[in-house]
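In case you want the letters, here they are:
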Amino acid sequence: MAINRIAIGSPGEASRPDAIRAAFAEFFSMVIFVFAGQGSGMAYGKLTGDGPATPSGLVAASLSHAFALFVAVSVGANVSGGHVNPAVTFGAFIGGNITLLRAILYWIAQLLGAVVACLLLKVSTGGMETAAFSLSHGVAPWNAVVFEIVMTFGLVYTVYATAVDPKKGDIGIIAPLAIGLIVGANILVGGAFDGASMNPAVSFGPAVVSWTWTNHWVYWVGPFIGAAIAAIVYDTIFIDSNGHEPLPSSDF
């Protein structure tokens, strides 16, 4: 079972060159992702004079996040695994695929990357506001938590199926694309309700720069719960089980 493989790690692990390189990869991937994703929202605000949200704006946000995450995961995959998300890192930890000490290193790098990206956006746009994630009118915090749990479950389940599962075969080639697409699709679902974060770092960066913390806990609790459930479910049913014989690559 996944939880049986949880590991703390050795005291010197965080100072190993490969761990430091992996942390830098997570930092730069997060800068790329947040700059493009958050920046697209700021560009939409500039073009519309900070007008009300529209369906076209939601589609634009979905596409920009999907494209940016596809790239961010791709460029970090060979160094750090391309997590680009503290919730994904937490899911990997729950599944025994990363030690706690390395996970903490990743979390620090991811959070710093998100903050740096938002600061760069603030400077490069001449001081435009980097809006923090917030709940829409009529959406209670626990409604948003459920949204974040379900959406992050879908994201981390996709990560496990296409990138973590040792039986993934050739499907691993499309992992960054699949991960980007599920995030884009989930934004179309949840964006109008709570912003569809699925990523605590993506919420943390704008919150720090704008110093807005209302209901911020939602964007940590929901994604971490969803990631843990996805890791346990996928690992227990599909990775621990020996009942599935993958098709030869020539069959699909």
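Residues numbered from 1 in each chain as written. Predicted model: local features only at pLDDT ≥ 70, side-chain atom pairs only at ≥ 80, totals over all residues. Heavy atoms only, no water.

(A) Highlighting unusual backbone geometry. The phi torsion at Val84 lies on the positive side, around 55°, for a residue other than glycine. Summarising the element assignment, Val84 is placed in the loop between helix H2 (55–80) and helix H3 (86–94). (Helix = DSSP H or I, 4+ residues; strand = E, 2+ residues; numbered from the N terminus.)

(B) Examining the side chain of Ser64 more closely. Within the secondary structure, Ser64 is located in helix H2. Ignoring anything within four residues of it in the chain, the contact list for Ser64 reads Ala36, Gly37 and Ser40. (Contact = heavy atoms within 4.5 Å.)

(C) Local environment of the environment of Ala43. Residue placement: Ala43 occurs in helix H1 (residues 17–48). The spatial distance from the C-alpha of Ala43 to the C-alpha of Val159 is 30 Å, given a sequence separation of 116 residues.

(D) Here's a closer look at the packing of helix H5 (residues 141–164) against helix H6 (residues 175–194). Axis separation between H5 and H6 bottoms out at 9 Å; the angle between their running directions is 170°. When the axes of H5 and H6 are compared, the pair comes out roughly antiparallel. Contact residues: H5 offers Ala144, Phe147, Glu148, Met151, Gly154, Leu155, Thr158, Val159, Thr162 and Ala163, while H6 offers Ala175, Ala178, Ile179, Ile182, Val183, Asn186, Val189, Gly190, Phe193 and Asp194. Counted by class, the contact of H5 with H6 contains 13 nonpolar, five polar and two charged residues. (Axes fitted to C-alpha atoms, helices over the stretch in contact; angles between N-to-C directions. Parallel < 35°, antiparallel > 145°, perpendicular 65-115°, else oblique. Nonpolar A, V, L, I, M, F, W, Y, C, P; charged D, E, K, R; others polar.)

(E) Expanded view of the confidence of the model for the chain. Looking at the chain as a whole, its pLDDT mean stands at 92, while 94% of the residues score no less than 70. Every residue in residues 243–252 is under pLDDT 50, and counting partners more than four places away or in other chains gives four contacts. (pLDDT = per-residue confidence, 0-100.)

(F) Expanded view of helix H7 (residues 200–210). Burial of H7 is extensive: eight of the eleven residues sit out of reach of the surface. The secondary structure elements touched by the buried residues of H7 are H1, H3, helix H4 (100–124) and helix H8 (218–239). N-cap assignment for H7: the residue whose side-chain oxygen lies 3.1 Å from the backbone N of Ala201 is Asn199. Positive backbone phi, at 50°, marks Trp211, one or two positions downstream of H7. (Buried < 20%, exposed > 50% of the residue type's maximum accessible area, 1.4 Å probe, protein only. Polar contact = N/O pair within 3.5 Å; in protein donor to acceptor, adjacent residues only side chain to side chain.)

(G) Region of interest: the packing of aromatic side chains. According to the stated counting rule, one finds 17 aromatic pairs in the structure shown. Centroid distance Tyr157 to Tyr234: 5.1 Å. Interplanar angle 80°. Geometry classified as edge-to-face. Taken as a pair, Tyr157 in helix H5 and Tyr234 in helix H8 lie far apart in primary sequence, 77 residues in all. Of the residues examined, Tyr234 reaches a relative accessible area of 7% and is grouped as buried. Pairing Phe204 with Trp220 gives two aromatic rings, centres 6.4 Å apart and planes at 85°, and the pair type is edge-to-face. Taken together, the positions of Phe204 in helix H7 and Trp220 in helix H8 put the pair 16 residues apart, joining distant regions of the chain. Note on Trp220: relative accessible area 26%, which makes it partly exposed. Among the aromatic residues, those joined into a ring-pair cluster are Phe90, Phe93, Trp107, Phe204, Trp211, Trp213, Trp220 and Phe224. (Phe/Tyr/Trp six-rings, centres within 6.5 Å; stacked < 30°, edge-to-face > 60°.)

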